[in-house]
Amino acid sequence: MAATNRPDLLDAALTRPGRFDRHVAVSLPDRAGRRAILALHAAGKPLAADVDLDAVAGLTRGFSGADLANVLNEAALLAARAGRAEVAMDMVEEGIDRTRLGVASRGVILSEDERRIVAYHEAGHALVAAVLPGADPPHKLSIVARGGALGHCTTVDAHDRVLVSREQLLDRMAVGLGGLVAEEVVFGDATTGSASDLAAVTAIARRMVCELGMSPALGRVAYRPDAGSQAVAQAVDAEVRRLVDTDAYERAHAVVTGSRAVLDRIVAALLERETLTAGQLEALVAGDPLPAPPAVVASPPAEPAAATTEAAAATEAAAATTGAVAQPAAPGAGRVA
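Residues numbered from 1 in each chain as written. Predicted model: local features only at pLDDT ≥ 70, side-chain atom pairs only at ≥ 80, totals over all residues. Heavy atoms only, no water.

*Asks:* Let's hear about the overall build of the protein chain: which residues, and what values?
*Replies:* Counting its secondary structure elements, the protein chain contains 12 helices and 3 strands. Counting all 337 residues of the protein chain, 39% fall into the buried class. In the protein chain, the proportion of contacts linking residues at least 24 apart, taken out of those at least 6 apart, comes to 71%. Surface accessibility of the protein chain: about 18300 Å² in total, with carbon and sulfur atoms responsible for 57%. (Helix = DSSP H or I, 4+ residues; strand = E, 2+ residues; numbered from the N terminus. Buried < 20%, exposed > 50% of the residue type's maximum accessible area, 1.4 Å probe, protein only. Contact = heavy atoms within 4.5 Å. Areas by Shrake-Rupley, 256 points an atom, 1.4 Å probe, with all protein chains shown as cover.)

If you want it as structure tokens, here you go:
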């Protein structure tokens, strides 16, 4: 038996009959698989009544089994450090954010102008995602720095789509450009915070043209990047640019300019609260007022280590039953997600 993450690099002599002639592909788990893995790693951890593992499975598309274990381990550690007897849903969501994006960093000091730019950038992503029908809806919006990102807008594909249409891809590209468009509309210029967005959007457009036959100009043909004439390469580049600069950009621009008042409402709430949930975003888009944030209650003095409660100790022990996965380094330091 042998395993590899790069079967495309294996020598053909290894995979011919008589050698490793049976291949078993182990892909990332689907939603049902994630639910089962979460249940396995939740055993022995005192989960609060508000923890919905079905909802957690829906929020963790693309996570491996090790990632899911890390989510619950992080949540259990947070509960233990807070002296809580149970792991609450907000702790599980924080575990998701830590696994996906890294630990929140309060060491990044932004000027008020930069903070407003980040808020409008992230609000632009969220607004376009909330309005366009083919986009994944926004789940959380934050201007708290994590990893290399100064903020993030998390969208969720609740259906684990396998097949995606051309219109849906264009809407996803528009969401990716929503931050850049919001900066241009509000401030008259774009910043360096859109670098990773542009890379992701360009990758989608190039795949549409070269692999998926979704370019009217080049037809229903697949183009290999290492084959074809210079004229074909130039035509591919021109079509990629048209999909990004025209089709997707105009969709995002129409949403941002047509819903400028909504954008401003989202930003005002985001600057006040720093993080907005899906329900709060829905209310802001609909024009409904948000309830006042709960009053901050001062935490009691920390007890000596010897006086740690049995419940907290049990929670910490449950978190340590499996090893935590190391956080990957986030690329693009200083970027805006």
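That covers the picture; the talk isn't over yet.
*Asks:* A description of the layout of surface pockets should follow, citing residues and the corresponding values.
*Replies:* Here the largest pocket is characterised by a volume of approximately 1000 Å³. Together, 26 residues line the largest pocket, and Arg100, Cys153, Thr154, Thr155 and Ala200 are the ones closest to its centre. Taken together, the elements giving at least two residues each to the lining of the largest pocket come down to helix H3 (53–59), helix H5 (89–101), helix H6 (112–131), strand E2 (152–155), helix H7 (166–187) and helix H8 (195–210). In terms of residues, the lining of the largest pocket owes the most to one element, H8, which gives 5 residues. Taken together, the residues that form the lining of the largest pocket break down as 11 nonpolar, 8 polar and 7 charged. What lines the second largest pocket is a set of 15 residues, and nearest its centre among them are Ala2, Ala3, Thr4, His23 and Val24. (1 Å grid on protein atoms, 1.4 Å probe; cavity = no way out; pocket = protein on both sides within 12 Å on 5 of 7 lines; lining within 4 Å. Points joined across faces, edges and corners; volume = space filled by probe spheres on them. Nonpolar A, V, L, I, M, F, W, Y, C, P; charged D, E, K, R; others polar.)

*Asks:* Tell me what's going on with helix H2 (residues 31–42), and back it up with residues and numbers.
*Replies:* Spanning 12 residues, H2 covers 16 Å between terminal C-alpha atoms, matching the ideal 16 Å at 1.5 Å per step. The set of residues buried in H2 consists of Arg34, Leu38, His41 and Ala42. Buried residues in H2, looked at end-on, bunch into an arc of 100°, giving them a common side. The exposed set on the far side of H2, more than 90 degrees from its buried face, consists of Ala32 and Leu40. Packing partners of the buried residues in H2 comprise H3 and helix H4 (65–81). A side-chain oxygen of the first residue of H2 lies 3.3 Å from the backbone nitrogen of Ala32; this N-cap is Asp30. Following H2 by one or two positions, Gly44 has its phi on the positive side, about 90°. (Expected span 1.5 Å × (residues − 1). Arc of directions from axis to C-beta. Polar contact = N/O pair within 3.5 Å; in protein donor to acceptor, adjacent residues only side chain to side chain.)

*Asks:* Help me get a handle on the sheet that holds strand E1 (residues 138–142), residues and values and all.
*Replies:* Strand order across the open sheet formed by 3 strands is E2-E1-E3, with antiparallel pairing between neighbours. Where the open sheet ends on each side, the last strands, each with one partner, are E2 and strand E3 (275–277). Recorded for the sheet is a direction-independent mean angle of 10° between the axes of neighbouring strands. In this fold H6 packs onto E1 and E2, with an angle of close to 165° to the strand it touches most, E1. (Pairing = 2+ DSSP bridges. Axes fitted to C-alpha atoms, helices over the stretch in contact; angles between N-to-C directions.)

*Asks:* Account for unusual backbone geometry, naming residues and giving values.
*Replies:* At Asp160, a residue that is not glycine, the phi angle is positive and equals roughly 50°. Of note in the backbone geometry, Glu274 takes a positive phi value of approximately 75° without being a glycine. Relative to the helices and strands, Glu274 is located in the loop between helix H10 (260–273) and E3. Taking relative accessible area as the criterion, Glu274 reaches 24% and is therefore assigned partly exposed.

*Asks:* How would you explain the side chain of Ser194 if you had to name every residue and give the values?
*Replies:* Summarising the element assignment, Ser194 is placed in the loop between H7 and H8. Taking the relative accessible area as the measure of exposure, Ser194 reaches 2% and is therefore buried. Setting aside anything within four residues of it in sequence, one finds Ser194 in contact with His121, Leu180 and Glu183.

*Asks:* Go over the side chain of Asp247, please, and point to the residues and values.
*Replies:* For Asp247, the position within the fold is in helix H9 (residues 230–258). Taking relative accessible area as the criterion, Asp247 reaches 18% and is therefore assigned buried. In terms of polar contacts, Asp247 uses its side chain to reach the side chain of Arg242, at 3.1 Å. Aside from chain neighbours lying at most four places away, what touches Asp247 is Arg166, Leu170 and Arg242.

*Asks:* I'd love a proper account of the environment of Arg98, names of residues and values included.
*Replies:* Relative to the helices and strands, Arg98 is located in helix H5. A relative accessible area of 14% places Arg98 in the buried class. Each C-alpha atom of the pair Arg98 and Arg146 lies 8.0 Å from the other, and the pair is 48 residues apart in sequence. Within the structure, the side chain of Arg98 is placed 3.4 Å from the side chain of Glu74, a separation counted as a polar contact.

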